[in-house]
Amino acid sequence: MTSWYNSAYKERAPVAIDNVAGGGVPPASPANIDWQLTIPTTWTRFWDNILVSGYDVILTDVDGNLLTFKRSTYNYATKTLVLQVDN
């Protein structure tokens with residue numbers, strides 16, 4: 001059963017990481033690969049529901065465990081957010 005990181009977070013959205021391409025190696029968990037997520041400027045529901053600071057945006061794995069990530073680019077005014085996971 002999938003759990004969630006914290007019930008105080010009222011909005012959440014799933015993101016699928018495609019790690020199928022490449023050298024015939026079985027797909028790894030998204031928590032074990034390097035990847036980057038760019039939030040579209042047109043995703044109104046996202047931008048209307050985050051804090052101006054952006055520090056309420058988090059990444060979790062499928063089981064609701066917090067992933068280690070950084071905000072490599074963030075600007076609320078221009079709706080620019082790139083999150084990066086390095087493993």
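Structure: above.
About the thresholds
Residues numbered from 1 in each chain as written. Predicted model: local features only at pLDDT ≥ 70, side-chain atom pairs only at ≥ 80, totals over all residues. Heavy atoms only, no water. Salt bridge = Lys/Arg side-chain N within 4 Å of Asp/Glu carboxyl O. Helix = DSSP H or I, 4+ residues; strand = E, 2+ residues; numbered from the N terminus. Buried < 20%, exposed > 50% of the residue type's maximum accessible area, 1.4 Å probe, protein only. Pairing = 2+ DSSP bridges. Axes fitted to C-alpha atoms, helices over the stretch in contact; angles between N-to-C directions. Core = buried A, V, L, I, M, F, W, Y, C linked by side-chain atoms within 4.5 Å. Contact = heavy atoms within 4.5 Å. Phe/Tyr/Trp six-rings, centres within 6.5 Å; stacked < 30°, edge-to-face > 60°.

> I'd love a proper account of the pattern of salt bridges, names of residues and values included.
Enumeration over the complete set of coordinates arrives at one salt bridge. Residue Glu-11 is joined to Arg-45 by a salt bridge in which the shortest nitrogen-to-oxygen separation is 3.0 Å. In this pair, Glu-11 sits in the segment before β1 (35-39) while Arg-45 sits in helix α1 (residues 44-47), placing the two residues 34 residues apart along the sequence. Judged by its relative accessible area of 36%, Glu-11 falls in the partly exposed class. For Arg-45, a relative accessible area of 56% corresponds to the exposed category.

> Before we move on, can you summarise the pairing of strand β3 (residues 80-85) with the specific residues and values?
The two faces of a sheet get side chains in turn, since along a regular strand they alternate between them. In terms of residue burial, β3 counts as a mostly covered element, since five of its six residues are buried. Where strand β2 (residues 70-75) meets β3, five bridges bridge the pair, whose relative direction is antiparallel. By the bridge assignment for β3, Arg-71 is matched with Leu-83. Hairpin connection between β2 and β3: a loop of four residues separates the two successive antiparallel strands, and Lys-79 in this loop has a positive phi of roughly 55°.

> Before we move on, could you go through the sheet that holds β1 and cite the residues and values that matter?
The sheet built from three strands is open, its strands ordered β1-β3-β2 with antiparallel pairing. Either end of the sheet is taken by a strand with one partner, and the two such strands are β1 and β2. Neighbour-to-neighbour, the strand axes of this sheet turn through a mean angle of 10°, independent of strand direction.

> Describe the nonpolar core, with residues and values.
Side chains of a nonpolar character, in soluble globular proteins, are inclined to be buried together. Among the nonpolar cores identified, the biggest contains 15 residues, and Trp-35, Phe-46, Leu-59, Leu-81 and Leu-83 are the most heavily contacted of them. Setting aside its immediate chain neighbours within four residues, Leu-81 contacts Leu-37, Thr-38, Ile-39, Phe-46, Trp-47, Val-57, Arg-71, Thr-73 and Tyr-74.

> Mind laying out the packing of aromatic side chains, listing which residues take part and the relevant values?
The geometry of two aromatic rings is summed up by the distance between their centres and the angle between their planes. Scanning the model with the defined rule gives three aromatic pairs in all. An aromatic cluster of at least three residues, connected via ring pairs, comprises Trp-43, Phe-46, Trp-47 and Tyr-76.

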